[in-house]
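So the chains spell out like this:
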Amino acid sequence: MQSVQNGAITLETESFGSPDHPAILLVMGATTSKLGWPEALCEALAASGHYVIRFDHRDTGRSTSRPFGTTADTVEDLVTDVLAIAHAYKLTRYHLVGMSLGGFITQMIATEPPPELASITLIAAEPLGWDGAELPTLPPEFFAHFGGLADLDWSNREDVIAFLVEIQRLSTGKAPFDPALARADVERLLDYAPSVPSMFNHASLTTARDWTGAYKRIAVPTLVIHGKLDPLLPLPNGEALAHHIPHAKLTVLANTGHELPAHAFPTLLTALTTHVRENG
């Protein structure tokens, strides 16, 4: 564990493997702490010869968390968090892997890449500043579920568990869903994070700049990984990224939604480790 300071924000980080190996910095999606990157996946990447770093976004896990509804952060603020972590770890060359909002953040960094950035991988992501034909996005039932956030009794653990498990079910979509496994993940989160409601501050994130067409400016080596059954950012989003970013490669995860299920690890690991090796 290592705490990294970015101005007034403290970011909780964790590493796996040897610092002498190629570095992979993992950037998770909205409302999600480092626990969103399964430990088994991080350990497998480390065992394959990589130095893996995951972290809690601000307002998640054990990073600085402000009361729900009291922040006015931008996505660009989260970009500075990622760069602060890369600097604190003294990474002279590293590979960024971003999932969902983390993929948005990763694209922002890649439009004006620091010299240390070797490659990016975008998992379950949408194009930054998309200006083409309309792409499918969040389904109505997802917004309907989040409409209940205002009435959620955070002092009732069972109610909170049910609310968060339903988010996982909606994220899985038509892919296989294990409610017992989802509940265990939620229980782990509740035991880990001192202020769980704070993670929903991410719902009010805005962008400070006009990023229209920004995905077209990405020139670093890019791998796109997308679940075939992703219900939140459906596959055409990943296909658009792979088509418009020069020389990008696309890996589709079968029977996978907006998630990182264990059954997808072999395909994901092969694609990611090959990408890192080719651009090391």
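Here the structure is a predicted model, which means the values were calculated and not measured.

S.K.: Looking at this structure, I do not really get the pattern of salt bridges. What am I missing?
M.R.: Any two side chains of opposite charge can pair, on the condition that their charged atoms come close. Applying the stated criterion to the full structure yields 16 salt bridges. Asp185 is paired through a salt bridge with Arg188; the nearest N and O atoms lie 2.9 Å apart. Placement of the pair is Asp185 and Arg188 together in helix α6 (residues 179-192), with a separation of 3 residues, close to one helical turn. On the basis of relative accessible area, Asp185 is assigned to the partly exposed category, the value being 30%. By relative accessible area, Arg188 is classed as partly exposed at 45%.

S.K.: Sorry, what's going on with the pairing of strand β7 (residues 222-227) here?
M.R.: Note on strand geometry: in a regular strand, side chains alternate between the two faces of the sheet. A large share of β7 lies buried, amounting to 6 of its 6 residues. Taking every second residue as pointing to the same face, both faces of β7 are buried, with Thr222, Val224 and His226 on one and Leu223, Ile225 and Gly227 on the other. By the bridge criterion, 4 bridges tie strand β6 (residues 117-123) to β7 in an arrangement that is parallel. From the neighbouring strand, Thr121 faces β7, where its bridge partner is Leu223.

S.K.: Quick question: what am I supposed to make of helix α5 (residues 157-172) here?
M.R.: Structurally, the α-helix is built with 3.6 residues per turn, so residues lying three or four positions apart point the same way. Between the first and last C-alpha of α5 there are 23 Å, a value that for 16 residues agrees with the 22 Å anticipated at 1.5 Å per step. If you check which residues of α5 are buried, you get Val160, Ile161, Phe163, Leu164, Val165, Ile167, Leu170, Ser171 and Thr172. Next to the buried residues of α5 lie α4 (140-146) and α6.

S.K.: Help me understand the pairing of strand β1 (residues 2-6) in this model?
M.R.: Judged from the 5 bridges that link them, β1 and strand β2 (residues 9-16) form a sheet pairing that is antiparallel. The residue bridging Gln2 from the neighbouring strand is Thr13, located in β2. The antiparallel hairpin formed by β1 and β2 contains 2 residues in its connecting segment, where Gly7 sits at a positive phi of about 65 degrees.

S.K.: Any chance you could explain empty space enclosed by the protein here in plain terms?
M.R.: Where empty space is left in the structure can be found by rolling a water-sized probe over the atoms. Applying the stated rule across the entire model yields 1 cavity of 30 Å³ or more. Taken as a whole, the largest cavity holds about 30 Å³ of empty space.

S.K.: What should I look at first to understand the nonpolar core in this one?
M.R.: One broad rule of soluble globular proteins: the nonpolar side chains tend to lie buried together. In this structure, Leu25, Val82, Ile85, Leu91, Leu96, Ile105 and Ile120 are the most contacted members of the largest nonpolar core, which totals 41 residues. Among the secondary structure elements, those contributing two or more residues to this core are β2, β3 (23-27), β4 (51-55), α2 (75-88), β5 (94-99), α3 (101-111), β6 and α7 (235-244). If one sorts the elements of this core by residue count, α2 sits on top with 7 residues. Apart from residues no more than four positions distant in its own chain, Ile85 is found in contact with Val4, Leu11, Thr13, Leu25, Ile53 and Phe55. Counting residues in hydrophobic clusters, the runner-up holds 25 residues, among them Ile24, Leu26, Met28 and Val97.

S.K.: Explain the side chain of Thr172 to me, please; I cannot follow it from the model alone.
M.R.: Position of Thr172 relative to the elements: it lies in helix α5. Looking at Thr172, its side chain comes within polar contact range of the main-chain oxygen of Gln168, at 2.9 Å.

S.K.: What is the right way to look at the packing of α2 against α3 in this model?
M.R.: If you want to describe how two helices pack, look at the angle between their axes and the distance between the axes. Where α2 meets α3, the axes come as close as 9 Å, and the angle between the chain directions of the two elements is 75 degrees. Compared by their axis directions, α2 and α3 come out roughly perpendicular. For the pair α2 and α3, the contacting residues are Val75, Glu76, Leu78, Val79, Val82 and Leu83 in the first and Leu101, Phe104, Ile105, Met108 and Ile109 in the second. The residue inventory of the contact of α2 with α3, partitioned by class, reads 10 nonpolar, no polar and 1 charged.

S.K.: I tried to follow helix α1 (residues 39-47) on my own but got confused; where do I start?
M.R.: All buried positions along α1 are accounted for by Leu41, Cys42, Leu45 and Ala46. Taken around the axis of α1, the buried residues stretch over an arc of 135 degrees, which confines them to a single face. The inward-facing, buried residues of α1 contact β2, β3, β4 and α8 (265-278). Note on α1: the residue one or two positions beyond its end, Gly49, has a positive phi of about 100 degrees.

Conventions and cut-offs
- Residues numbered from 1 in each chain as written.
- Predicted model: local features only at pLDDT ≥ 70, side-chain atom pairs only at ≥ 80, totals over all residues.
- Heavy atoms only, no water.
- Salt bridge = Lys/Arg side-chain N within 4 Å of Asp/Glu carboxyl O.
- Helix = DSSP H or I, 4+ residues; strand = E, 2+ residues; numbered from the N terminus.
- Buried < 20%, exposed > 50% of the residue type's maximum accessible area, 1.4 Å probe, protein only.
- Pairing = 2+ DSSP bridges.
- Expected span 1.5 Å × (residues − 1).
- Contact = heavy atoms within 4.5 Å.
- 1 Å grid on protein atoms, 1.4 Å probe; cavity = no way out; pocket = protein on both sides within 12 Å on 5 of 7 lines; lining within 4 Å.
- Points joined across faces, edges and corners; volume = space filled by probe spheres on them.
- Core = buried A, V, L, I, M, F, W, Y, C linked by side-chain atoms within 4.5 Å.
- Polar contact = N/O pair within 3.5 Å; in protein donor to acceptor, adjacent residues only side chain to side chain.
- Axes fitted to C-alpha atoms, helices over the stretch in contact; angles between N-to-C directions.
- Parallel < 35°, antiparallel > 145°, perpendicular 65-115°, else oblique.
- Nonpolar A, V, L, I, M, F, W, Y, C, P; charged D, E, K, R; others polar.
- Arc of directions from axis to C-beta.

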